[in-house]
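A look at the structure
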Amino acid sequence: MPLYSSYKILRQDILDKKTSCSQLVAHYLRQAKENEHLNIYVEIFADEAIKKAKALDEKLKSNPEQIGRLFGMVISIKDVICYKDHQVSAASKILENFTSLYTSTALQRLLDEDVIVIGRTNCDQFAMGSSNENSIYGPTRNYDDPTRVPGGSSGGAAVSVQADTCLAALGSDTGGSVRQPAAFCGLVGMKPTYGRISRYGLIAYASSFDQIGTLTHCVYDAALLVELMAGEDKFDATASSVKVEHYSQLEPINKPLRIGYFKSALEYPSLSQEIKDKTLHFIQAQEQAGHTVESIEFPLLEYVIPTYYVLTTAEASSNLSRFDGVRFGFRDASVKSLDDLYRKSRTDGFSEEVKKRIMLGTFVLSADYYDAYYTKAQKVRQLIKKRMNHIFEHFDLIIMPTTASIAWEIGHAKDDPMAMYLSDIFTVLPNLSGIPAINLPIDKSGINGLAIGMQVFSNINEENLLFSFSNHVT
Ligand code: GLN
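Here is a short report on the structure shown in this document.

Basis of the calculations
- Residues numbered from 1 in each chain as written.
- Predicted model: local features only at pLDDT ≥ 70, side-chain atom pairs only at ≥ 80, totals over all residues.
- Heavy atoms only, no water.
- Near = heavy atom within 4 Å.
- Polar contact = N/O pair within 3.5 Å; in protein donor to acceptor, adjacent residues only side chain to side chain.
- Areas by Shrake-Rupley, 256 points an atom, 1.4 Å probe, with all protein chains shown as cover.
- 1 Å grid on protein atoms, 1.4 Å probe; cavity = no way out; pocket = protein on both sides within 12 Å on 5 of 7 lines; lining within 4 Å.
- Sits in = over half its atoms within 2 Å of the grid points.
- Helix = DSSP H or I, 4+ residues; strand = E, 2+ residues; numbered from the N terminus.
- Expected span 1.5 Å × (residues − 1).
- Buried < 20%, exposed > 50% of the residue type's maximum accessible area, 1.4 Å probe, protein only.
- Arc of directions from axis to C-beta.
- Axes fitted to C-alpha atoms, helices over the stretch in contact; angles between N-to-C directions.
- Parallel < 35°, antiparallel > 145°, perpendicular 65-115°, else oblique.
- Left-handed = near helix turned anticlockwise from the far one by under 90°.
- Contact = heavy atoms within 4.5 Å.
- Nonpolar A, V, L, I, M, F, W, Y, C, P; charged D, E, K, R; others polar.
- Core = buried A, V, L, I, M, F, W, Y, C linked by side-chain atoms within 4.5 Å.
- Points joined across faces, edges and corners; volume = space filled by probe spheres on them.
- Patch = residues over 30% accessible without salt bridge, like charges linked within 9 Å, V, L, I, M, F, W, Y side chains within 5 Å.
- Salt bridge = Lys/Arg side-chain N within 4 Å of Asp/Glu carboxyl O.
- Phe/Tyr/Trp six-rings, centres within 6.5 Å; stacked < 30°, edge-to-face > 60°.
- Lys NZ or Arg CZ within 6 Å of the ring centre and 35° of its normal.

**Overview of the site of the ligand**
- Thr174, Gly175, Ser177, Tyr205 and Tyr308 are the nearest of the 15 residues found near the ligand.
- Take Tyr308: an N or O atom from its side chain is 2.7 Å from an oxygen atom of the ligand.
- In the model, an oxygen atom of the ligand is placed 3.3 Å from a nitrogen or oxygen of the Tyr309 side chain.
- In isolation the ligand has 290 Å² of accessible area, and contact with the protein removes 99% of it.
- Assessed atom by atom at 2 Å from the grid points, the ligand resides in the largest cavity.

**Side note on helix α3 (residues 46–62)**
- The end-to-end C-alpha distance of α3, which contains 17 residues, comes to 25 Å, matching closely the 24 Å that a straight helix rising 1.5 Å per residue would cover.
- Within α3, burial applies to Ala49, Ala53, Leu56, Asp57 and Leu60. Viewed along the axis of α3, the buried residues span an arc of 105°, placing them on a single side of the element. Relative to its buried face, α3 has exposed residues pointing more than 90 degrees away, namely Asp47, Lys51, Lys54, Lys61 and Ser62.

**Brief notes about the packing of helix α7 (residues 219–229) against helix α16 (residues 463–473)**
- Taken N-terminus to C-terminus, the directions of α7 and α16 make an angle of 165°; their axes are 9 Å apart at the nearest point. Comparing the axis directions of α7 and α16 gives the class roughly antiparallel. The way α7 lies across α16 gives a crossing that is left-handed. Mapping the contact onto sequence places Val219, Ala222, Ala223 and Val226 in α7 and Phe467, Ser470 and Asn471 in α16.
- Considered class by class, the residues forming the contact of α7 with α16 number five nonpolar, two polar and no charged.

**Describing the packing of helix α12 (residues 352–365) against helix α13 (residues 370–394)**
- At their nearest, the axes of α12 and α13 sit 7 Å apart, and the two run at 105° to each other. Relative to α13, the element α12 is oriented roughly perpendicular. Mapping the contact onto sequence places Phe363, Val364 and Leu365 in α12 and Tyr370, Tyr373 and Tyr374 in α13.
- The residue inventory of the contact of α12 with α13, partitioned by class, reads six nonpolar, no polar and no charged.

**Focus: the nonpolar core**
- The biggest cluster of nonpolar side chains holds 148 residues, and the ones touching the most others in it are Ile75, Phe126, Phe262, Met388 and Phe467.
- In terms of residue count, the dominant contributor to this core is α7 (nine residues).
- What Met388 contacts, discounting residues up to four positions off in sequence, is Phe262, Phe298, Ile398, Leu429, Ser433 and Ile435.
- Residues Phe184, Ala407, Ala413 and Met420 belong to the second largest nonpolar core, which totals six residues.

**Topic: empty space enclosed by the protein**
- What the rule picks out here adds up to two cavities of 30 Å³ or more.
- Of the voids in this model, the largest cavity is the one considered here, and its volume is about 90 Å³.
- Gly129, Gly175, Ser177, Tyr308 and Asp424 are the residues nearest the centre of the largest cavity, which is lined by 15 residues in total.
- In terms of residue class, the lining of the largest cavity is built from four nonpolar, nine polar and two charged.
- In this structure, the second largest cavity spans a volume of roughly 30 Å³.
- Lining the second largest cavity we find Val80, Ala127, Ser172, Thr174, Leu202, Ile203, Tyr205 and Asp210.

**Description of a nonpolar patch on the surface**
- Together, Leu360, Phe363, Tyr369 and Tyr373 make up an exposed nonpolar region whose accessible area comes to about 350 Å².
- With respect to the helices, strands and loops of the structure, Tyr373 is situated in helix α13.
- On the basis of relative accessible area, Tyr373 is assigned to the partly exposed category, the value being 37%.

**Quick notes on the packing of aromatic side chains**
- Inspection of every chain in the model, using the stated rule, returns 18 aromatic pairs.
- The interplanar angle of 50° and the centroid separation of 5.1 Å between the aromatic rings of Phe126 and Phe323 together place this pair among those described as tilted. Of this pair, Phe126 sits in the loop between β3 (116–121) and α5 (155–162) while Phe323 is found in the loop between α10 (304–319) and α11 (338–349), placing the two residues 197 residues apart along the sequence.
- Classification of Phe126 as buried rests on a relative accessible area of 2%.
- Ring geometry for Tyr200 and Phe235: centres 4.4 Å apart, planes at 20°, overall stacked. Taken as a pair, Tyr200 in the loop between β5 (188–191) and β6 (211–216) and Phe235 in the loop between α7 and β7 (258–262) lie far apart in primary sequence, 35 residues in all.
- Connected via pairs of aromatic rings, a cluster forms that spans Phe98, Phe126, Phe323, Phe328 and Phe350.
- For Lys8, the ring lying beneath its charged end belongs to Tyr220, and the centroid distance is 4.5 Å.

Shown next as structure tokens:
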């Protein structure tokens with residue numbers, strides 16, 4: 001059991017002097033030490049966190065009316081989020097010893113509200129992966145069963161919360177990297193609408209898909225964090241100017257909603273019987289609660305994985321071209337010519353998986369194949385978006401399993417990239433269409449009591465409804 005599983009209670013305890021920022025940091029650092037074998041952190045900012053906690057405790061004494069809305073909340077950041085004067089590596093050798101020159105907008109907004117950052121968490125290299133096994137730091141392990149993966153790519157982020165080494169974690173979600181680890185670790189994982197949170201200072205994987213997201217124990221904490229991070233940003237032209245609502249108010253649901261689920265998802269061959277049963281049970285419970293529940297035909301489900309992997313690798317091949325051994329991080333110093341410098345630095349600096357994706361992306365963008373792959377995938381993405389728009393004319397929310405299985409054993413899928421890619425079947429759709437999506441921990445599996453998650457999707461910019469409903473059902 002975590003010491004705290006909701007910021008609301010934690011904050012009240014601080015205000016009532018039942019605990020202090022220093023005590024909290026001491027607890028979380030102890031937990032991090034005790035769970036070192038899980039390989040959660042790439043770096044722990046212990047001294048800094050202790051210092052900041054002390055300063056905050058002083059602030060509460062001398063200036064209580066000035067404390068921020070996240071006063072004393074201890075968070076971790078995934079190793080793809082820039083924090084000025086701190087290293088950031090995307091779990092890759094190519095960014096060895098690289099120090100951030102600025103702080104990402106999302107994190108800055110949280111720092112302005114008095115969060116304490118405990119450290120940066122392990123992840124799949126450049127956020128490419130679904131198991132956290134693709135990291136130069138080695139795999140992160142699931143706290144509930146250390147022989148199993150925590151999911152990925154935000155695996156360290158998930159376990160940092162699961163093992164109670166912090167209250168909340170920031171991750172990134174390009175195709176499920178916040179929701180899938182949340183599902184495997186029994187947490188709430190939220191990916192907002194594309195553009196809801198600025199991507200300034202987030203190391204890019206696929207820019208038209210990437211979003212910063214949160215991993216927390218409860219819906220309230222996710223709503224509060226998203227509310228405070230969201231909104232326009234002059235450093236990111238894709239950050240949305242749509243008004244940020246008070247998500248953390250979590251309005252009551254007092255009218256029947258129209259809820260849909262995809263028949264094709266529940267009939268998906270590799271969906272485990274147990275998860276299928278629990279999904280159906282969850283769906284029935286919504287009907288009993290007075291909502292209208294209907295199944296939806298969605299024949300495009302079989303195209304989401306190929307479309308996602310063509311487009312994200314194309315974007316990655318372009319985004320990652322900046323890591324050339326000249327301007328950032330690792331450089332092979334043994335070379336004589338400029339061409340060799342690029343070649344050797346990139347060959348040694350990137351992992352096999354990252355190189356495979358760069359090459360695949362370069363291939364689909366090459367003159368001879370551009371129309372056959374890249375243009376075609378863009379067209380399919382448009383079809384998917386149109387279909388989703390149409391669906392949301394008739395439905396308020398969609399329910400979908402998050403994963404087809406519970407967390408698998410470390411090593412199980414590492415050498416089967418197709419199986420790994422296919423495991424993203426239920427999570428990539430929100431990123432392809434830009435809609436917000438949340439994972440809710442709904443049950444425990446009969447196998448080792450491992451977590452089972454459920455996703456809920458809403459229409460673009462309908463975070464308020466998504467959070468309110470999620471709070472209502474958890
Ligand atoms: N597993 C997916 C991938 O490997 C998603 C990763 C992510 O969301 N960053 O691309």
